[in-house]
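# Observations on the three-dimensional arrangement
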Amino acid sequence: MDSPFLKYLDLDYSPSDAEKPLINALIQQKLDAICGIDKEIKDLEDSLAALKARRKASKIFVRKHRALVAPIKRLPPDILSTVFLACLPAIERPEASMTCNHPAVVISHVCRHWRRLAFDTPLLWSRIRLVIPLVNCDPYPPFPPVNDEVDMNGEITTLFDSVVQRLLDKATIWLSRSKACPLTVFMEASEGAAGGFVTSHLRGVEGSILIGLGKLVDLLLSESKRWENARFKLSINGNSPASQLGRLLCLTPQDVPILRKASIVINPLDTLEVPSLVGVSDPTTFWDGIRMGTVHGQALQSLTLACPKAATKLKVLQVHWAGLTELLLKPYMCTPSGRRGEAHLTADEALTLLRLCPNLKRCNLAIGGGTVPWGAAPHAQLGETPPPVAPVYNKPVCRLPHLHSLILREDSRTDSLAAALDLPSLRSFTQNSNIFWPRPPPYPDLEESVLQEIPLVEWVLQFGHTITSLDFKHTGVPQQAVEKCLEHLPNLMSLTIRSPFSESWDSTLPWGVVSACDPFLQKLTPKVIEDGQTVTVNPGFLCPKLEELALNSTSIFDATPVQLLFNEATVMEFLTGRAKASLQTVPEVCRVPKVRYVNVAFVKPQTMDIGQELSQKGFNLEGFVGEWVYPTPLRPRSYLQTPPTSDPTMDDFSVFSSYIYP
């Protein structure tokens, strides 16, 4: 609406007394119009809210009616329960903890049908995971003692008791819902506080820990006849008569009639006693005589033991060896000072053990001639001669017809053990050795006698025709020697090398400078000749059946920048050659399988996208995984540095100055 006062707006015009009533009438007229507009807006908002409500109701209607015809509604209960079981994580994972986020609990809260089915599926509740938190408190009280410290230990005890009670309640519920089905039990706990150190200050805390652990152990032992898979990671004070966790190890075969898999990792706390008196007793006394009857059951098929070597003696470890199909043995030695090292079996001991296990399918052993402290690198000098070959004296050949995977961790030469074994089904071989090749490079002529000294050779010569997967670490072995070994592996499909060649191990090079190992990768690269429609592959390259290759490995010395490194052009040549040799146009007699996985490290920073380059050349990358490790680019050196904007010392000086001289 027009106003006669428009020309006076936003000016310092003052209306007369006669004009004021007209202005007020105009204002009132507009206020009435605003009220009408507000009413229309409210009506529209009410209409919009009603439409939104109708829309929401329609969506709910559609969602619920779609649920009626959802495919999962037609799944039979047995298939649906199988899907539920597939949702369960591995028992070692934190997701398997008995909490409200456990898959079984989440499933049981979806609907009444799923809840009823979840409760009718006892296997869904058959995995009992007990991870007791470590009690971390100060093993040494302040001097003089402070009352607050005593109160703090009391609070720790109360908190620990509440955690144990919650675990006890949850485990009781899980056990009741699992009914009578076999159980998978996982327990990780420690009997000590403050990392296992024993002081008079912590006696009260440890007493509470033992009481809480005793309740949980009692609950597990009450269901031991249902154990099918038991996995324990225990820190035990073996010399203490009040030990609770040790009771889990000392059952009888009658107590665990259906136990098929057992994994026991023991950390003895008796080696962590605070030395207060001279002439402390030998901390391994308890382990010398322990009989871990829990693993003596007739149904046992898989055994993993990482414990003091004194507890792995065959005279006390009366396992039903003939029934084992999987064995991992990792003994170690403990000294009164608490220093620990991996204790290796001699070749004779290993052979005696293997003879007891004719049905093994997977085996992982530490073999050698001594005890190696963890973190130490024996024979670390390049000029040092490796230990002599561990002998096997006048032993008949041990035949393991079913063994397909063998992992050896060595601290000395074990070549003679290969000659004493007959492994017709061996497919996967891993050799992890700390031995260093004693000769400095170069090696112009690698004689056969020299080749025989490489720890891997005897195994390759003996079983190379059946091995399809090889994983080894021998730091400083000549590249030529590795190539000679690969010549005896015609069926190799997977190759992993975790140590540098001697050609890369050159301490005369400047720090951080290493030479590329391109000649080795070139030995694995097929030469493809394309003559019109005729495609041929020259023979003579190594590992024609190779599908997986991992050559990204660092030295065992963190301070030495030595590893297997390559140039991008050589890796591209390898991938291109393998891709061309796998095409259908290549005659079947010389065709190679497609490479599916490659992991390599490069000498120089990235200059190309390897995947993109292969795609542009027309190669099909479906199913291929490449992992490339490039060096970190060097940051340019700055010769000029911006000073800090503030210096606390100068700030204090300024304040002091302003105080003296206001």
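Bear in mind the structure is a predicted one, so any value in this text is a computation, not a measurement.

### Describing the overall build of the chain
Per the secondary structure count, the chain includes 16 helices and 21 strands. For the chain, the proportion of contacts with a sequence separation of at least 24, taken over those separated by at least 6, is 75%. A total accessible area of about 36300 Å² is found for the chain, and carbon and sulfur atoms account for 57% of it.

### Thoughts on the side chain of His102
Its location among the elements puts His102 in the loop between helix H2 (77–86) and helix H3 (103–107). With near-sequence residues (within four places) excluded, His102 lies in contact with Leu88, Glu95, Ala96, Ser97, Leu124 and Trp174.

### Comments concerning the confidence of the model for the chain
When the pLDDT values of the chain are averaged, the result is 78; 73% of them are 70 or greater. Confidence drops under a pLDDT of 50 for residues 509–513, and excluding neighbours within four residues, the segment shows six contacts in the predicted structure.

### Quick word on the environment of Ala90
Tracing the backbone shows Ala90 in the loop between H2 and H3. For the pair Ala90 and Arg127, spaced 37 residues apart in sequence, the C-alpha to C-alpha distance is 9.2 Å. Not counting the four nearest positions on each side in its chain, Ala90 is found in contact with Ala96 and Arg127.

### A short note on the environment of Ser178
Tracing the sequence through the fold places Ser178 in the loop between helix H5 (147–177) and strand S2 (183–190). In this structure the side chain of Ser178 is engaged in a polar contact, spanning 3.1 Å, whose partner is the side chain of Arg226.

### Some thoughts on the nonpolar core
If you look at the biggest cluster of nonpolar residues, it comprises 128 residues, and the most contacted ones within it are Leu130, Met187, Trp227, Leu303, Leu365, Leu486 and Leu495. The element contributing the most residues to this core is H5, with nine residues. Discounting chain neighbours no more than four positions away, the residues touching Leu495 are Leu470, Phe472, Leu486, Phe520, Leu546, Glu548, Leu549 and Ala550. If you look at the next biggest cluster of nonpolar residues, it comprises six residues, including Val537, Ala581, Val586 and Val592.

### Focus: the packing of H2 against helix H4 (residues 112–119)
The geometry of H2 relative to H4 is characterised by a closest axis approach of 10 Å and an angle of 80 degrees between their N-to-C directions. Relative to H4, the element H2 is oriented roughly perpendicular. Facing Pro77, Leu80, Ser81 and Phe84 of H2, the residues of H4 in contact are His113, Trp114 and Leu117. Split by residue class, the contact of H2 with H4 holds five nonpolar, two polar and no charged.

### Digging into helix H8 (residues 347–355)
Every buried residue of H8 is accounted for by Ala347, Ala350, Leu351, Leu353 and Leu354. Buried residues of H8, seen end-on, are gathered within an arc of 160 degrees and therefore sit on one face of the element.

### Regarding the pattern of salt bridges
According to the stated counting rule, one finds 12 salt bridges in the structure shown. In this structure, Glu92 and Arg231 form a salt bridge, with 2.5 Å as the shortest nitrogen-oxygen distance. With Glu92 in the loop between H2 and H3 and Arg231 in strand S3 (residues 227–236), this pair connects stretches of sequence that are 139 residues apart. On the basis of relative accessible area, Arg231 is assigned to the partly exposed category, the value being 26%. Its salt-bridge partner being Asp422, residue Arg399 comes within 2.6 Å of it at the nearest N-O pair. Of this pair, Arg399 sits in strand S11 (residues 398–399) while Asp422 sits in strand S13 (residues 421–422), placing them 23 residues apart in sequence. Here Arg399 falls in the partly exposed class, since its relative accessible area comes to 48%. Given the relative accessible area of 28%, Asp422 is considered partly exposed.

### So, unusual backbone geometry
Positive phi, close to 55 degrees, is recorded for Lys179, a residue that is not glycine. For Lys179, the location among the structural elements is in the loop between H5 and S2.

### Re the packing of aromatic side chains
The geometry of two aromatic rings is summed up by the distance between their centres and the angle between their planes. Throughout the structure, instances matching the rule amount to eight aromatic pairs. Pairing Trp227 with Phe232 gives two aromatic rings, centres 5.7 Å apart and planes at 65 degrees, and the pair type is edge-to-face. An identical accessibility class is assigned to Trp227 and Phe232; each is buried. Note on Phe602 and Tyr630: the rings are 4.5 Å apart at their centroids and 15 degrees apart in plane angle, and the pair reads as stacked. One end of the pair, Phe602, is in the loop between strand S20 (597–601) and helix H15 (610–616); the other, Tyr630, is in the loop between strand S21 (625–629) and helix H16 (648–660), with 28 residues separating them in the sequence. Sitting above the plane of the Trp125 ring, Arg177 keeps its charged end 4.6 Å from the centroid.

Cut-offs used in this document
Residues numbered from 1 in each chain as written. Predicted model: local features only at pLDDT ≥ 70, side-chain atom pairs only at ≥ 80, totals over all residues. Heavy atoms only, no water. Helix = DSSP H or I, 4+ residues; strand = E, 2+ residues; numbered from the N terminus. Contact = heavy atoms within 4.5 Å. Areas by Shrake-Rupley, 256 points an atom, 1.4 Å probe, with all protein chains shown as cover. pLDDT = per-residue confidence, 0-100. Polar contact = N/O pair within 3.5 Å; in protein donor to acceptor, adjacent residues only side chain to side chain. Core = buried A, V, L, I, M, F, W, Y, C linked by side-chain atoms within 4.5 Å. Buried < 20%, exposed > 50% of the residue type's maximum accessible area, 1.4 Å probe, protein only. Axes fitted to C-alpha atoms, helices over the stretch in contact; angles between N-to-C directions. Parallel < 35°, antiparallel > 145°, perpendicular 65-115°, else oblique. Nonpolar A, V, L, I, M, F, W, Y, C, P; charged D, E, K, R; others polar. Arc of directions from axis to C-beta. Salt bridge = Lys/Arg side-chain N within 4 Å of Asp/Glu carboxyl O. Phe/Tyr/Trp six-rings, centres within 6.5 Å; stacked < 30°, edge-to-face > 60°. Lys NZ or Arg CZ within 6 Å of the ring centre and 35° of its normal.

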